[in-house]
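Fold and geometry: a report
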Amino acid sequence: MAIKYWEFEDAPLKEKLKDPSVKELAKVYFSNETKAYRFASALYRVKKAGSLRLRDCGGELPTATWKRYLDFGVSVGILKHEEGMYSFTDRYSRPLRNLSLYIKAWIESDKDEDVLLLFANAKSGRRQKSSQPSAEAPA
């Protein structure tokens, strides 16, 4: 995700709220112009229809592409998929507020944590350079 926090601070957000655009929303999730366009198209079709069935998406893009981007909208919490229909949902208001409270509480806590122990399966340390194959072929 390409969330640039300064774009959503108080003053810039107030300016953006005067003229909201699906482009700004899609740019949060995709830096690639094509992917952002496809996601924005999917969201815009749901907005225009109120609720949208996959078969009603149109021939502008393949059905599999529409499904991929609509399902992405479901996975990030903008859309819901119930009874074969995609529609908007509000899963962001409380969770993001709660996330900010959790981050603040974590910063203020004095708990010592061993990050390597918390992420036991993660690769740590520098990556080893791959060795060059020898020029001699085994006989």
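Definitions and cut-offs
- Residues numbered from 1 in each chain as written.
- Predicted model: local features only at pLDDT ≥ 70, side-chain atom pairs only at ≥ 80, totals over all residues.
- Heavy atoms only, no water.
- Helix = DSSP H or I, 4+ residues; strand = E, 2+ residues; numbered from the N terminus.
- Expected span 1.5 Å × (residues − 1).
- Buried < 20%, exposed > 50% of the residue type's maximum accessible area, 1.4 Å probe, protein only.
- Contact = heavy atoms within 4.5 Å.
- Salt bridge = Lys/Arg side-chain N within 4 Å of Asp/Glu carboxyl O.
- Core = buried A, V, L, I, M, F, W, Y, C linked by side-chain atoms within 4.5 Å.

Section: helix H3 (residues 33-49)
Across its 17 residues, H3 extends 24 Å between first and last C-alpha, which sits within 8% of the 24 Å expected from 1.5 Å per residue. Looking only at H3, the buried set comprises Ala36, Phe39, Ala40, Ser41, Ala42, Leu43 and Val46. If you follow the buried residues of H3, they end up packed against helix H2 (22-29), strand E1 (51-53), helix H4 (63-75), strand E2 (79-82) and strand E3 (85-88). Backbone geometry just downstream of H3 places glycine 50 in the positive-phi region, at approximately 90°.

Focus: unusual backbone geometry
Located in the positive-phi region is glutamate 83, a residue other than glycine, with phi close to 55°. Within the secondary structure layout, glutamate 83 lies in the loop between E2 and E3.

Remarks on the pattern of salt bridges
Applying the stated criterion to the full structure yields three salt bridges. With its nearest N and O atoms 3.1 Å apart, the salt bridge here joins arginine 45 to glutamate 60. Taken as a pair, arginine 45 in helix H3 and glutamate 60 in the loop between E1 and H4 lie far apart in primary sequence, 15 residues in all. Among the residues examined, arginine 45 registers a relative accessible area of 27% and is labelled partly exposed. The shortest N-O distance in the salt bridge between aspartate 71 and lysine 67 comes to 2.8 Å. Here lysine 67 and aspartate 71 lie together in helix H4, a separation of four residues that amounts to about one turn.

Details of the environment of serine 51
Within the fold, serine 51 resides in strand E1. Separated by 35 residues in sequence, serine 51 and tyrosine 86 place their C-alpha atoms 5.4 Å apart. Apart from residues no more than four positions distant in its own chain, serine 51 is found in contact with Val46, Met85, Tyr86 and Ser87.

What about the nonpolar core?
Generally speaking, soluble globular proteins have nonpolar side chains that are buried together. The biggest cluster of nonpolar side chains holds 20 residues, and the ones touching the most others in it are Tyr29, Phe30, Phe39, Val46, Leu70, Ile78 and Leu79. Elements with a minimum of two residues in this core: H2, H3 and H4. Sort the elements by how many residues they give to this core and H3 lands first, with six residues. Setting aside residues up to four positions removed in sequence, leucine 79 forms contacts with Leu43, Val46, Leu70, Gly73, Val74, Ser87, Phe88, Thr89 and Arg91.

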